[in-house]
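# A structural walkthrough
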Amino acid sequence: MSDARAITELAKRRGFFFGANESYGGVAGFYTFGPEGAALKRNVESAWRNRFTVREGNEEIEAPTIAPESVFEASGHLEGFDDMLVECGECGESHRADHLIEDATAIEEAESLPIPEVEDLVAEYRIACPSCGAPLAGRSVEAFNLMFETTIGPGSGQAGYLRPETAQGIFVEFPRLKEYARNKLPFGVTQIGRAYRNEISPRKGIVRTREFTQAELEQFIDPEDDDPPLHRVADVSVRLYPADEQDADDGGYVETTVGDAVAEGIIASEWVAYYLGVAREWYDRIGVDGDRFRFRQHLPGERAHYAADCWDAESEVSGAADGLADPTAGDWIEIAGFAYRGDYDLSKHAAHSDDDFTVFQQYDEPRTIERAVVDPDMSVLGPKFEGQAGDVADALRSLAERDPDAFDADAVTVEVDGERVTVDTDVANFRIEEQTEAGEHVTPHVVEPSFGVDRTVYTLIAHAYDRDRIDGEERTYLSLSPEVAPTDVAVFPLVSDETLETLADDVVADLRDAGLSVAHDDSGNIGRRYRRQDEVGTPLSVTVDHEGVEGEGPPTATVRDRDTTAQVRVPVADLPARLGAILDGQETVDDLLADYEQVDTDVTRT
């Protein structure tokens, strides 16, 4: 098991991640991924792309990371993308008030609470400033917008913002993306890229930073006609933590399947349920520990006003939960969110822009319908309302669509620019007409699975982190899935010898030609080289020794398994195919042990 301190130490020492710009003192919330971390992160992104883009039949785009202010006015980010800030009156340090409450109390989701209640809790629990110890009771808690502002162009230029999520880049391009999808629903668009949030108090290494990578899917659907292929994941087991269980004094997990959760009404949206099932299988595949994983439903105060239902995928990263009576305890972090967003996003951009954010859905056969029609007499409206005449006519047409019965009286009243105006019904020229329509314009609803790539990387390291003892010496290793491990194979010449080094070079070249990621290490004794590769999660090591090149047969090398430390002697010519099969999941090390000579060593693993 691991904790944050052990992960941070290993990450820095072995080149997974470390604080950025440390030569200049560093800035909180910014991290550099080192060689091992960048490779691990890249492999996670590739695995996500394979599952959520390629296998789901979706398309991928790459949008700019900066957008003009108008985009975020439409999306609502300028008004409602806030965290709760409390500033210390003594040292001036700013802190997230909800985090302080969570650290000092048993309250798990303080961000769902209203600001006045947060202020009361700060006073009730006598919460002090973490920096200087001064009391924070009586200090006001303010809403702090997390957007990074910038200027587009020279001088004062045009106001812009760094995107706080990748989703808006998909939404604003919907009018063009729907054409690429041939105006057929459902269709999905994915994006993997950087996002930026001016966090009040970044913490836990790469868990909460100011610059991070998201992998998001926006699934556009017709809410009346489109259903997900739920049968594909109906039998997937999931651990759910519904809102009512979180509120109950003795609440706990619901262990069920995706299909049963939908049937019993625990998950309201079949689309959200489908992606929970897909995500559960994907997380299992890349190495997330299922015993330290759950789907937690948003509490009412957490859920965005436009979201019908939201669930977070959460992982436990300290290992503490295994030893606690309450399995919901421990250090749980959000690593993905699944939301049914309705038509909020596309409707907002349609209202703020001049483009069409609907899809024309053609009927199987034309339909004849009755439609309310208003054809105002502008020769009357013009002199009476002058410059407002056009707005009055539009208001009459809108009212006819919403409430045709309003035209039953002799006069009809509408609101224009905040004023109520009355028009004679005969001037409105209201009537009901039969019209034949070939289809209708639909504003799609959006289902959004959104994954935090950096937090997934952190989770994989935390869940893969393990210790054992080899010949009385403690070993630390990462039992990473081969699909995401930074390096596939490490190759070592046993000692510094021209013959062995030449053969090792040949093995490296052959394995790389086969598409494997290979590290070549000839520094230090063989035990230390094994330990270095174990700590970065390299699944297999190949050692070239004198026994493998002596004699008249073809050269051989020993293959060592990271987790069991078992070794087997394999012909060098067979290495690319057999190791590639193991890394692809088609074979196991046990298959090698069955087919080749196992190497007896004096290593004792406990």
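Refer to the structure presented above.
No experiment lies behind these values; they were computed from the predicted model shown.

### A word on the overall build of the chain
Counting secondary structure elements, the chain contains 21 helices and 29 strands. If you line up the chain on its principal axes, its C-alpha atoms span 110 × 65 × 60 Å. Within the chain, residue pairs in contact and separated by at least 24 positions form 68% of the contacts whose partners lie at least 6 positions apart. Carbon and sulfur atoms form 43% of the exposed surface of the chain, whose accessible area is close to 28,800 Å².

### Considerations on the environment of proline 449
With respect to the helices and strands, the residue proline 449 is situated in strand β21 (residues 445-452). Of the residues examined, proline 449 reaches a relative accessible area of 1% and is grouped as buried. A C-alpha to C-alpha distance of 51 Å links proline 449 and glycine 548, two positions 99 residues apart in sequence. With near-sequence residues (within four places) excluded, proline 449 lies in contact with Ala215, Glu216, Leu217, Tyr275, Gly337 and Phe338.

### Re the pairing of strand β19 (residues 419-424)
Where strand β18 (residues 411-416) meets β19, six bridges bridge the pair, whose relative direction is antiparallel. The residue bridging glutamate 415 from the neighbouring strand is arginine 420, located in β19. Linkage of β18 to β19, two consecutive antiparallel strands, is achieved through a turn of two residues, within which aspartate 417 is found at a positive phi near 50°.

### Considerations on the packing of helix α2 (residues 35-54) against helix α16 (residues 453-464)
Packed helices, taken two at a time, are described by the angle their axes make and the gap between the axes. Following both chains from N to C, one finds α2 and α16 inclined at 110°, their axes separated by 10 Å at the closest point. The orientation of α2 relative to α16 falls into the category roughly perpendicular. Every pair of crossing elements has a handedness; the one defined by α2 and α16 is right-handed. Between α2, through Leu40, Lys41, Val44 and Glu45, and α16, the contact on the second element is made entirely by Val453, Asp454, Thr456, Val457, Leu460 and Ile461. Classifying every residue of the contact of α2 with α16 gives six nonpolar, one polar and three charged.

### Here we look at the nonpolar core
The biggest cluster of nonpolar side chains holds 65 residues, and the ones touching the most others in it are Phe17, Trp282, Tyr283, Phe295, Phe338 and Phe451. Broken down by element, this core gets its largest block of residues, 11 residues, from helix α11 (residues 270-286). Apart from residues no more than four positions distant in its own chain, phenylalanine 295 is found in contact with Val238, Arg239, Leu240, Tyr241, Leu276, Ala279, Arg280, Trp311, Asp312, Ala313 and Phe338.

### Examining the state of the cysteines
A complete count under the given rule lists zero disulfides for this structure. Among the cysteines around cysteine 129, which has no disulfide bond, cysteine 91 carries the closest sulfur, lying 3.7 Å off. Since its relative accessible area comes to 3%, cysteine 129 is described here as buried.

### Points about the sheet that holds strand β24 (residues 489-493)
Sheet architecture is open: six strands sit in the order β25-β24-β26-β27-β28-β29, paired in mixed fashion. Looking at which strands have only one partner, the edges of the open sheet turn out to be β25 (518-520) and β29 (597-598). Of the pairings in the sheet, the one linking strand β28 (residues 567-571) to β29 comprises two bridges and is antiparallel in character. Residue valine 568 lies in a different strand from β29, and its bridge partner there is glutamine 598. Helix α17 (residues 498-513) rests against β24, β25 and β26 (540-544) of the sheet, and its axis sits at about 165° to β24. On top of the sheet, helix α20 (residues 575-583) reaches β24, β26, β27 (556-561) and β28; it is set at about 160° to β26, its chief contact.

### Description of the sheet that holds strand β14 (residues 293-297)
Taken in spatial order, the nine strands make up an open sheet running β3-β10-β11-β21-β16-β15-β14-β12-β13, and their pairing is mixed. The strands lining the two open edges of the sheet, one partner per strand, are β3 (59-60) and β13 (254-257). Of the strand pairs in this sheet, strand β12 (residues 237-241) and β13 are connected by four bridges, and their pairing is antiparallel. By the bridge assignment, valine 238 is partnered in β13 with threonine 256. Contacts from α2 reach β3, β10 (187-196), β11 (211-221) and β21, with the element oriented near 160° to β10.

The rules behind each value
- Residues numbered from 1 in each chain as written.
- Predicted model: local features only at pLDDT ≥ 70, side-chain atom pairs only at ≥ 80, totals over all residues.
- Heavy atoms only, no water.
- Helix = DSSP H or I, 4+ residues; strand = E, 2+ residues; numbered from the N terminus.
- Contact = heavy atoms within 4.5 Å.
- Areas by Shrake-Rupley, 256 points an atom, 1.4 Å probe, with all protein chains shown as cover.
- Buried < 20%, exposed > 50% of the residue type's maximum accessible area, 1.4 Å probe, protein only.
- Pairing = 2+ DSSP bridges.
- Axes fitted to C-alpha atoms, helices over the stretch in contact; angles between N-to-C directions.
- Parallel < 35°, antiparallel > 145°, perpendicular 65-115°, else oblique.
- Left-handed = near helix turned anticlockwise from the far one by under 90°.
- Nonpolar A, V, L, I, M, F, W, Y, C, P; charged D, E, K, R; others polar.
- Core = buried A, V, L, I, M, F, W, Y, C linked by side-chain atoms within 4.5 Å.
- Disulfide = S-S within 2.5 Å.

Interpretation in functional terms is not warranted from these geometric data alone.
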